[in-house]
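Here is how the chains run, residue by residue.
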Amino acid sequence: MSESIEIGINGMSCGSCVGRVERALASEPGVTSAQVNLATAKAQVTFDGQTDAAAVIRAIEGAGYTPVTQSVDLMVQGMSCGSCVSRVEKAIGQLAGVLQASVNLTTQKASVTFLPEMVTLHQLHQAIRGAGYEPQQAETTGSVVDTQDHEGRELRNRMLFAAALTIPIVFISMGKMLPGLDTFFTSIMSHRGWMGIEWLLTTPVLFYAGARFFRSGFAELKHFNPGMNSLVMIGSSAAYFYSVVAFLAPGIFPAGTAGSYFEAAAVIVTLILLGRYFEHIAKGRTSQAIKKLLSLQAKTARVIRDGEPVEIAIESVVAGDRIQVRPGDRIPVDGEVEEGQSYVDESMISGEPVPVSKEVGSEVVGGTINKNGSLVFRVTRIGGDTVLSQIVKMVEQAQADKPPIQQLADKIAGIFVPIVILIAIITFAVWYLFGPEPTLSFAFVTGVSVLLIACPCAMGLATPTAIMVSTGKGAEMGVLFRRGAALETLAKMDTVVLDKTGTLTQGRPELTDFVVMEGDHNEVLSWVAAVEAQSEHPIGEAIVSAAKAGGLTLPSVSGFNNEPGYGIEAQVAGRQIHIGADRYMERLGIGLAAAEEQARALAQQGKTPFYAAVDHSLAVIIAVADPLKEGSVEAVAELKSMGLEVAMLTGDNRITAEAIARQVGIERVLAEVLPQEKAEEVKRLQEQGKRVAFVGDGINDAPALAQANVGIAIGTGTDVAIEAGDVVLMRGDLRGIVNAAALSRRTRSTILGNFFWAYGYNLALIPVAAGVLYPVAGFLLNPMLAAGAMSLSSIFVLTNSLRLRRFKLDQ
């Protein structure tokens, strides 16, 4: 059985970095797949068997990058001997993602090092509590708590340090060449003296502020996998060491070529650090949706202990606790209301601004806001099991998932850098051999410019940043993308297949007709309702509700049997009862001729006719109507206006199905389809060349959701359907499909725009950097401008992706 591990990685900067880490991870024994996301800076590693976090960390470090870990100290109450220590260490160590756990009996403290992507403080508390001890609030003792803030601060400080030294370097180098200023500079010091000052100022810029490029660049070259850091390292080092040699031994250079490029080396590092810092800020904004969701989690809860409310840390809440929520409070965890009545703002999970009424028996969700009444509820789910945690997990998984277009981009980036280095070498050789005098200067400038202009940062960021922003935006809208690839696939759909019951309709049928052909009306209704009470089918619930509303007592039932897709049978009051659709009656050999005309009339009214037989004799015609959901008609119309073909798939008989289809404006109807045949119908459409999105909400929809190119599950449906779907609509409103489709199309167009810019930029400017315009226009691209242009390319891609945050709902 496969297991997965998720880990944060610092130091990656481009698609070739992604490829390098993926290859290092994939080479570890037992690893079946490794996916690395540049925008989230995380790796998802799947093992064929038990996970090995230590091996993952070794592989990442071996590739030249830094794995993100976290260390905490937890106070543990109740330990009294060495076996207590062993028990706590074992309980913590069994959590996937814990790297090391050390417990000290004397200090009553547990020191834990773990992967923050996999283990939460709440899980650590629960593990200790499960071992029979009581944990106290954690104290952070090491490693990275907020890696983004840490890296951002370091980038900013290094960039400011580099800029403070680079500005005077540029002033000196430019001043020596500007008419009027050159005499001022030479009156103070000779050109060689100023060149020495530039050397002194440039050295810390390169080897302190730009140390990250050298560390990562050497690691890349050591593994024969050059990447962006290699390009920056080679380009800036070339400018630096060329200038050092020109300063120390100018006589070895051809006449006119012993120039100083210290300012180019310093500006290259400073501009790329500036670009990285802006990238970091923009990437932080792309993940704001996750931060916003996490901020919805309450930090404390008012738990009722001994009849009195006591405020405790959320980590200390356990399932079964009774929690008091006052007006205006945020509900801390999921539960079921036991006392009180109020309205709760659930917009954070549904996107619906109208508060929802809550009373005894209602479910409440952690992170939602209680409005005007006081509630007491019993905790049903805590920690990672809460709805909010599941939403966060879904969004994170979607952001980590790699669509086909991103896999292609990473492969291209992996081979792009070696090709660029080859182009740079060829450019240098051509200019040196065939260029004008001074050939060495021209060859040097063009070679370095090619190296710097071609850094593939923008390529690596083009897809993941757009996926991050759009999945976060989708979560705000109540549309959860469980897989990032679903965004790309949904944008290409041409056919939407809608399940009827619970998707187009409310899924809560009402009994409209109960026409008894043999026997007493109330007696037969009580028999039928008694059998249906054993079933979980919504139609059965409608019949039971009608019987109870009539004050009927339901007799006992024996021998209950359910035949999926056909009907049910049981013994009631000594009678054999069969209830089901016309195909069930026909299979049993029960004639329907007497009911045929009435059944047709009911079906034409959009009602679902089915039958009950008593002792193998037709006894009653039953009809129910399942009202359409609000927004179904509008959703179908909008999907059709987007150029999508809309079809309906249902197990109902054709006449009833077509009546419902007419009401919502659907022309293509696939009726009388058994549950196991739904996936086959979807497959049949795919074989006709259709790209199919299937929308459903029931257990019997799960195979079809999995078979479709994109499965869209209604979040108000069953857990199985939600797990099978690629996209989850948190509300039952079908207009969410329109928003999901529109968002996916906008995302795909953004990704394509990003790629057009990233690849077009490289393809267009590499020849310019190589000097093809020089013979025509006398223009050569300065290495400093090349470095600045490369950084601007990445920033453009990021800001273009951030535009998705302004995506507007259609409703």
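Reading guide: rules and limits
- Residues numbered from 1 in each chain as written.
- Predicted model: local features only at pLDDT ≥ 70, side-chain atom pairs only at ≥ 80, totals over all residues.
- Heavy atoms only, no water.
- UniProt positions renumbered as here; feature names shortened; annotations may be inferred.
- Helix = DSSP H or I, 4+ residues; strand = E, 2+ residues; numbered from the N terminus.
- Buried < 20%, exposed > 50% of the residue type's maximum accessible area, 1.4 Å probe, protein only.
- Contact = heavy atoms within 4.5 Å.
- Areas by Shrake-Rupley, 256 points an atom, 1.4 Å probe, with all protein chains shown as cover.
- Expected span 1.5 Å × (residues − 1).
- Core = buried A, V, L, I, M, F, W, Y, C linked by side-chain atoms within 4.5 Å.
- Polar contact = N/O pair within 3.5 Å; in protein donor to acceptor, adjacent residues only side chain to side chain.
- Pairing = 2+ DSSP bridges.
- Axes fitted to C-alpha atoms, helices over the stretch in contact; angles between N-to-C directions.
- Parallel < 35°, antiparallel > 145°, perpendicular 65-115°, else oblique.
- Nonpolar A, V, L, I, M, F, W, Y, C, P; charged D, E, K, R; others polar.
- Phe/Tyr/Trp six-rings, centres within 6.5 Å; stacked < 30°, edge-to-face > 60°.
- Patch = residues over 30% accessible without salt bridge, like charges linked within 9 Å, V, L, I, M, F, W, Y side chains within 5 Å.
- Salt bridge = Lys/Arg side-chain N within 4 Å of Asp/Glu carboxyl O.
- Lys, Arg positive; Asp, Glu negative; His and termini not counted.
- Charge placed at Lys NZ, Arg CZ, Asp CG, Glu CD.

- Per an unreviewed UniProt entry, the protein goes by Copper-translocating P-type ATPase and derives from Halopseudomonas salina.
- Regarding the protein, the UniProt comment filed under Sequence similarities (unreviewed entry) reads as follows: "Belongs to the cation transport ATPase (P-type) (TC 3.A.3) family. Type IB subfamily."

1. Remarks on the overall build of the protein
Part 1: Helix and strand counts for the protein come out as 30 helices and 31 strands.
Part 2: Buried positions account for 54% of the 811 residues belonging to the protein.
Part 3: Nonlocal contacts in the protein, meaning residues at least 24 apart in sequence, comprise 69% of its contacts between residues at least 6 apart.
Part 4: On the protein, roughly 33,700 Å² of surface is accessible, and the fraction owed to carbon and sulfur atoms is 55%.

2. As for the environment of Phe213
Part 1: With respect to the helices and strands, Phe213 occurs in helix H8 (residues 211-222).
Part 2: With relative accessibility at 1%, the residue Phe213 sits in the buried group.
Part 3: Spatially, the C-alpha atoms of Phe213 and Asn229 are 5.0 Å apart, while their sequence positions differ by 16 residues.
Part 4: Beyond its immediate stretch of four places on either side in the chain, Phe213 contacts Asn229, Val232, Met233, Val269, Ile272, Leu273 and Arg276.

3. With respect to the UniProt feature "transmembrane region" (unreviewed entry) in the protein
Part 1: As annotated in UniProt, the feature "transmembrane region" (unreviewed entry) corresponds to residues 160-181, 193-211, 231-253, 259-278, 412-434, 440-463, 755-774 and 780-799 in the numbering used here.
Part 2: The span residues 259-278 is 85% helical and 0% strand by assignment, and the distance between its end C-alpha atoms comes to 32 Å.

4. Remarks on helix H30 (residues 783-802)
Part 1: Its 20 residues place the ends of H30 29 Å apart at the C-alpha level, agreeing with the 28 Å of an ideal helix rising 1.5 Å per residue.
Part 2: Most of H30 sits out of view: 14 of its 20 residues are buried.

5. Considering the nonpolar core
Part 1: Among the nonpolar cores identified, the biggest contains 153 residues, and Leu25 and Leu498 are the most heavily contacted of them.
Part 2: Here this core gets 13 residues from one element, more than from any other, and that element is helix H28 (residues 735-770).
Part 3: Setting aside residues no more than four positions away along its own chain, Leu498 makes contact with Leu504, Val636, Val646, Ala647, Met648, Leu649, Ile666, Val695, Leu734 and Ile737.
Part 4: Of all hydrophobic cores here, the second largest spans 22 residues; its members include Ile543, Ala570, Ile577 and Ala619.

6. Some points on the side chain of Ser801
Part 1: Checked against the element boundaries, Ser801 lands in helix H30.
Part 2: A distance of 3.0 Å separates a polar atom in the side chain of Ser801 from a polar atom in the side chain of Thr465.
Part 3: Beyond its immediate stretch of four places on either side in the chain, Ser801 contacts Ala462, Thr465, Ala466, Val469, Thr750 and Asn754.

7. A short note on the sheet that holds strand S31 (residues 727-729)
Part 1: Across the sheet, which stays open at both edges, the seven strands sit in the order S19-S31-S30-S29-S20-S27-S28 with mixed pairing between neighbours. Edge positions in the open sheet fall to strand S19 (479-481) and strand S28 (668-670), since each of these has one partner strand only. Between one strand axis and the next, the sheet turns through 20° on average, direction left out of account.
Part 2: Across five bridges, strand S20 (residues 495-499) lies against strand S27 (residues 645-649) in parallel orientation. Bridged to Val496 within S27 is Val646.
Part 3: Contacting S19, strand S29 (692-696), strand S30 (710-714) and S31, helix H17 (residues 484-491) crosses the sheet at an angle of about 110° to S30.

8. Details of unusual backbone geometry
Part 1: Of note, the bond from Glu437 into Pro438 is cis; its omega dihedral lies within 30 degrees of zero at -10°.
Part 2: Mapped onto the secondary structure, Pro438 falls in the loop between helix H14 (404-434) and helix H15 (439-453).
Part 3: With phi around 50°, Ala573 is a residue other than glycine that occupies positive phi space.
Part 4: Since its relative accessible area comes to 56%, Ala573 is described here as exposed.
Part 5: Unusually for a residue other than glycine, Glu672 sits at a positive phi of about 55°.
Part 6: Within the secondary structure, Glu672 is located in the loop between S28 and helix H25 (678-687).

9. Observations concerning the packing of H28 against H30
Part 1: At a minimum axis separation of 9 Å, H28 and H30 run at an interaxial angle of 175°. With respect to H30, the axis of H28 lies roughly antiparallel. Here Thr750, Gly753, Asn754, Trp757 and Tyr761 of H28 come into contact with H30, specifically with Ala786, Ala789, Met790, Ser793, Phe796, Val797, Asn800 and Ser801.
Part 2: Tallied by class, the residues present in the contact of H28 with H30 amount to seven nonpolar, six polar and no charged.

10. Structural notes on the packing of aromatic side chains
Part 1: Taken as a whole, this structure holds 13 aromatic pairs when the rule is applied.
Part 2: Judged by centre distance (5.1 Å) and plane angle (80°), the rings of Phe161 and Tyr208 are edge-to-face. Here the residue Phe161 occupies a position in helix H5 (residues 147-175), and Tyr208 occupies one in helix H7 (residues 191-209), the gap between them amounting to 47 residues.
Part 3: Look at Phe161 and you get partly exposed, because its relative accessible area is 31%.
Part 4: Judged by relative accessible area, which is 42%, Tyr208 ranks as partly exposed.
Part 5: Measuring from centroid to centroid gives 4.5 Å for Tyr242 and Phe444, while their planes differ by 20°, and the two rings are stacked.

11. A word on the sheet that holds strand S13 (residues 334-340)
Part 1: Ordered in space as S11-S10-S12-S18-S13-S16, the six strands form an open sheet in which the pairing is antiparallel. At either margin of the open sheet sits one strand with a lone partner, and together these are strand S11 (308-313) and strand S16 (363-364).

12. Points about a nonpolar patch on the surface
Part 1: Taken together, the side chains of Leu422, Ile426, Phe428, Val430, Tyr432, Leu433 and Phe434 define a hydrophobic patch exposed on the protein surface, amounting to about 730 Å² of accessible area.
Part 2: In this fold, Leu433 is placed in helix H14.
Part 3: In this structure Leu433 comes out as exposed when scored by relative accessible area, which is 60%.

13. Focus: the pattern of salt bridges
Part 1: All told, the structure shown has 21 salt bridges when counted by the stated rule.
Part 2: Overlapping salt bridges bring together Arg322, Glu338, Glu339 and Arg378 as one network.

14. Remarks on a positive patch on the surface
Part 1: On the surface, Arg746, Arg803, Arg806 and Lys808 cluster together into a patch of positive charge.
Part 2: Along the chain, the position of Lys808 falls in the segment after H30.

15. Comments concerning helix H1 (residues 15-26)
Part 1: When the terminal C-alpha atoms of H1 are compared, their 16 Å separation across twelve residues agrees well with the 16 Å that a helix rising 1.5 Å per residue should span.
Part 2: By the burial criterion, the buried members of H1 are Gly15, Ser16, Cys17, Val18, Gly19, Arg20, Val21, Glu22, Ala24 and Leu25.

16. A short note on the pairing of S13
Part 1: Inspection of the sheet shows S13 paired to strand S18 (residues 375-381) by six bridges, in the antiparallel sense. Its bridge partner lying in S18, Val337 is registered against Phe377.
Part 2: Here two bridges tie S13 to S16, and the two strands are oriented antiparallel to one another. Counted as the bridge partner of Glu336 is Glu363 from S16.

17. Examining the packing of helix H23 (residues 632-641) against H28
Helix packing for two helices is described by the angle between their axes and how far apart those axes are.
Part 1: At a minimum axis distance of 8 Å, the contact between H23 and H28 shows a crossing angle of 25°. One way to sum up the angle between H23 and H28 is to call them roughly parallel. Packed against H23, whose contacting residues are Glu634, Ala635, Glu638 and Leu639, the element H28 presents Arg735, Ile737 and Val738 at the interface.

18. Here's the deal with the environment of Val119
Part 1: Topologically, Val119 is positioned in the loop between strand S7 (109-114) and helix H4 (121-130).
Part 2: The spacing of Val119 and Gln70 is 49 residues in sequence and 9.7 Å in space, taken between C-alpha atoms.
Part 3: When sequence neighbours within four positions are dropped, the list of residues in contact with Val119 reads Leu95, Ala96, Gly97, Val98, Phe114 and Leu124.

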